[in-house]
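Residue-level listing of the chains:
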Amino acid sequence: QVQLVESGGGLVQAGGSLRLSCAASGSSSINVMAWYRQAPGKQRELVTRISSGGTTTTYKDSVKGRFTISRDTAKNRAYLQMNSLKPEDTAVYYCTLRDPMGDYWGQGTQVTVSS
């Protein structure tokens, strides 16, 4: 079955950086990967998405210019480089993968940005 394992979350001061990683296994090589986040008391939201070949990316407006998604297709991994972090970026971040067989989610990793 498909498994997604995130890593790289933690506590950082405002203005700092973190890099999240997501290792996927068991999926089709044709897949779209994305990062969602959910802050306390708020709905889960899409942060960014990257196409199967890595050529197309989309971002939530509030993270444009600060976050960068990338992927290593050969290793079936995705990354989220987060710079200039703000307290409002505090959330649990989830890696997701969509392939022809379905949608899959990781367990989430906590990102906390202190002011």
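In the block above lies the structure referred to throughout.
Report on the accompanying structure. Being a predicted model, the structure only gives us computed values, none of them experimental. (Residues numbered from 1 in each chain as written. Predicted model: local features only at pLDDT ≥ 70, side-chain atom pairs only at ≥ 80, totals over all residues. Heavy atoms only, no water.)

**Some points on the pairing of strand β9 (residues 91-99)**
In terms of burial, β9 is a largely internal element, 7 of the 9 residues being buried. Sheet topology note: the strand β4 (residues 32-38)/β9 ladder contains 7 bridges and is antiparallel. When the bridges of β9 are listed, Ala-34 appears paired with Thr-96. Both β9 and strand β11 (residues 109-114) contribute to a ladder of 3 bridges, which runs antiparallel. What sits directly across from Ala-91, in β11, is Val-111. As judged from the 4 bridges shared by β9 and strand β10 (residues 102-105), these two strands associate in the antiparallel manner. When the sheet's bridge partners are listed, Thr-96 is paired in β10 with Trp-105. Connecting β9 to the antiparallel partner β10 that follows it, the hairpin turn spans 2 residues. (Buried < 20%, exposed > 50% of the residue type's maximum accessible area, 1.4 Å probe, protein only. Helix = DSSP H or I, 4+ residues; strand = E, 2+ residues; numbered from the N terminus. Pairing = 2+ DSSP bridges.)

**A look at the state of the cysteines**
Tallying each qualifying case throughout the model produces 1 disulfide. Shown here is the disulfide that connects Cys-22 with Cys-95, its sulfur atoms set 2.0 Å apart. Between Cys-22 and Cys-95, the disulfide has an S-S torsion of -80° and is therefore left-handed. Placement of Cys-22 in strand β3 (residues 18-25) and of Cys-95 in strand β9 is noted, with a sequence separation of 73 residues between them. Exposure class is identical for Cys-22 and Cys-95. Each is buried. (Disulfide = S-S within 2.5 Å.)

**Remarks on the packing of aromatic side chains**
Inspection of every chain in the model, using the stated rule, returns 2 aromatic pairs. With centroids separated by 4.9 Å and ring planes inclined at 50°, the aromatic side chains of Tyr-36 and Trp-105 adopt a geometry described as tilted. Placement of the pair is Tyr-36 in strand β4 and Trp-105 in strand β10, with a sequence separation of 69 residues. Ring plane angle 70° and centroid distance 6.0 Å describe the contact between Tyr-94 and Trp-105, whose orientation is recorded as edge-to-face. Note that Tyr-94 is positioned in strand β9 and Trp-105 in strand β10, a separation of 11 residues in sequence. (Phe/Tyr/Trp six-rings, centres within 6.5 Å; stacked < 30°, edge-to-face > 60°.)

**What about the nonpolar core?**
Ranked by internal contacts, the top residues of the largest apolar core, which has 24 residues, are Met-33, Trp-35, Phe-67, Leu-80, Met-82 and Tyr-93. For this core, the secondary-structure elements that each account for two or more residues are β3, β4, β5 (45-50), β7 (67-72), β8 (77-82), β9 and β11. Each residue touching Tyr-93, except ones within four places of it in the same chain, is listed here: Glu-6, Leu-20, Trp-35, Tyr-36, Arg-37, Val-47, Phe-67, Leu-80, Met-82, Gly-108, Thr-109 and Val-111. (Core = buried A, V, L, I, M, F, W, Y, C linked by side-chain atoms within 4.5 Å. Contact = heavy atoms within 4.5 Å.)

Honestly, it's all geometry; don't read function into it.
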